[in-house]
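# Examination of the molecular architecture
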Amino acid sequence: MRRKAEIVLRHVWRNRTTWILLLPVLFVLIGYVLYPTWQTFVNSIRFNGHWGFELYRRFFTGDSLSNLEALWNSVYLSLLSVIFSALIGVPLALIFHRYDFPGRRLFQMAAVMPMVLPSLVGVMSFLFLYGESGLVTRTVQHLLGLSTPPFTLSGVPGILLVHTYTMYVYFYLTVSSALQGLNPSVEEAAVNLGAGPWTMFRKITLPLLTPSLIAASLLVFMTSMASFSAPFLLAGGYRVLSLQIYFSKLNGDMQMAAVQSVILSVVSISFLLFMRWHQGRRDYHISEKGVSGWRREVRNPYVKWMLVFLGILMVAVLLLPHFTLILLSFVPEGTWTYQTYPTEFSLENYILLMKDPSIWEPIRNSLWMAALATAGNLLFGVLTAYLLVKRKFRGKNLLDILVMLPWALPATVVAMNLIFAFNVPAFFGFGHVLVGTFWILPLAYFIRHIPLVVRPTSAAFAQLDDSLEEAARNLGAGWFTAFRRVILPLVLPGMMAGALLAFVTAVGEFVSSVLLYTIDNRPISIEIMNQLRMFNLGQASAYAVYQILLIALVMFVSNRFLGVKMQNTL
């Protein structure tokens, strides 16, 4: 009886601890995810002091045809981005992980280089290369003796080019990860039964890759729907919904901005639910274990050296934006104007970054705000992941959906949600107006990057046996001691990988920054945009190089010392 009473008491205490741990998690999710989203919806159905859906009628009718056009353009661009990214990423993954040829490892490393370019920096590098005055454009014009530029980077082709370059990595990483887990005996059996290469790929390999292809399509579609930097710099007169929200805010039409934000959120979340439903319709898996990761050596010399040549060409194309930014970062202010190519180079831009406090201030702001947001992500992410994986309670599935909601919402929408929620004193703002203060940007970064820490940390918790915690408790350790001394060290690699990814993403964040920043807390991305507007390309490139180096360093540390690759955090 005594033993039974102890078990019941421990069960009651465990449930009580679970709900105590849930309180801060629910406070954050309700106060900074649900409440701002609700405030945006409330503002979208209030027009001239009356409640109703008049603004939605204006959105979908001829009274505001530009908004409907922007919605269709966003969906159209996103679908095209999925198609073009798949056409690049999937073949690369199949070639690099199925065939062995000289230089393959180098080409694999180069294939993920677009990941180190923040969104604004990536678009900027493409403008420097392929814009009307870009280096490649001027070179072609000079060689052909043309009086006008032969091409320019703008409109749908320009946006698609940037999207494909930056987003094919999602397909490459997810398909590569899936290929490493495939059992080669399945395909060998198909070959022994007389299946040709195309039949084997269509009936064996492709179905097994379906979950990865769907996951990559989801990532690319939602990233493209939320894309702001490429349309902002390249769209010209081409409307997309993320830009329409920004322009509505600039014009003071906050209620229409609310409607646009709600509709963009509905489209993004609907696509997420549709893809999950489609993925669950059929179950593709291998029922036995085997040796994976096999590669065939390319023996045909013509095919082998053609692959090497294409790999070298790919490396040159992928690294050209990085080298261009590095090169232009050495161009002093005012020395490259009418000339075809820059002619003067120096360390002036980097020296100014170190000496001039006003020039260094955006870097300091970004590092400080990213550190604050990441610290919050780390505490919240570890606690939430622990509850989702190791504790049982009602509403766990709902909590999991709420945690992933900031990932489904575009950054433009998250920023607008915060504006509607905290432009007046609110309970969750502790009685203060947060809009226009230093704290609004770290809060936006924190909300946006919650899933980046929760997902890898949850994966790390899932690999731990519950008996470890139970053994520590049986030896007399309290919950906090057991968590700190036993559990936390074991999940540290996954936890830190997510935190580092959240940190570098916050450092390069542009979309929410452009809607929420003030002159006192302007981050690096905003200062890059300001330097571009003043045609100070060298200083803008120097800021961009700092961002690239920081992201590359974090990727290296995450992979080398924590043993976690980027695809594990996607």
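Description of the structure in this document. Everything numeric in this text was worked out from a predicted model, so none of it was measured.

### Observations regarding the overall build of the protein chain
- For the protein chain, the count of helices and strands is 24 helices and four strands.
- Per-residue burial over the protein chain gives 52% buried out of 570 residues.
- Within the protein chain, counting contacts between residues at least 6 apart in sequence, those at least 24 apart form 76% of the total.
- As presented, the protein chain carries roughly 27,600 Å² of accessible surface, and 65% of it is formed by carbon and sulfur atoms.

### Some points on the environment of Ala 235
- In this fold, Ala 235 is placed in the loop between helix H10 (229-234) and helix H11 (241-250).
- Taking relative accessible area as the criterion, Ala 235 reaches 5% and is therefore assigned buried.
- Excluding its chain neighbours within four sequence positions, the residues that come into contact with Ala 235 are Gly 155, Ile 159, Ala 230 and Leu 243.

### Considerations on the packing of aromatic side chains
- For the structure on display, the rule yields 25 aromatic pairs.
- The interplanar angle of 85 degrees and the centroid separation of 5.6 Å between the aromatic rings of Phe 232 and Tyr 246 together place this pair among those described as edge-to-face. Taken together, the positions of Phe 232 in helix H10 and Tyr 246 in helix H11 put the pair 14 residues apart, joining distant regions of the chain. Pair check on accessibility: Phe 232 and Tyr 246 agree, each one buried.
- What links up through ring pairs into an aromatic cluster is the set Phe 27, Tyr 32, Tyr 35, Phe 422, Phe 427 and Phe 428.

### Considering helix H13 (residues 301-328)
- Over its 28 residues, H13 extends 40 Å from the first C-alpha to the last, a length consistent with the 40 Å expected when each residue adds 1.5 Å.
- The largest bend in H13 amounts to roughly 40 degrees and is located at Leu 320, with the proline Pro 321 lying one to four residues further along.

### A closer look at the nonpolar core
- One finds Tyr 172, Leu 325, Phe 422, Leu 443, Leu 516 and Ile 528 to be the most contacted residues of the largest nonpolar core, which totals 167 residues.
- A per-element tally of this core places helix H7 (residues 155-180) first, with 15 residues.
- Beyond its immediate chain neighbours, meaning those up to four positions away, Ile 528 contacts Leu 120, Val 121, Met 124, Ala 540, Tyr 543, Ala 544 and Gln 547.

Reading the values: rules and limits
Residues numbered from 1 in each chain as written. Predicted model: local features only at pLDDT ≥ 70, side-chain atom pairs only at ≥ 80, totals over all residues. Heavy atoms only, no water. Helix = DSSP H or I, 4+ residues; strand = E, 2+ residues; numbered from the N terminus. Buried < 20%, exposed > 50% of the residue type's maximum accessible area, 1.4 Å probe, protein only. Contact = heavy atoms within 4.5 Å. Areas by Shrake-Rupley, 256 points an atom, 1.4 Å probe, with all protein chains shown as cover. Phe/Tyr/Trp six-rings, centres within 6.5 Å; stacked < 30°, edge-to-face > 60°. Expected span 1.5 Å × (residues − 1). Bend = angle between axes of the 7 residues up to and from the residue. Core = buried A, V, L, I, M, F, W, Y, C linked by side-chain atoms within 4.5 Å.

None of this, on its own, says anything about what the molecule does.
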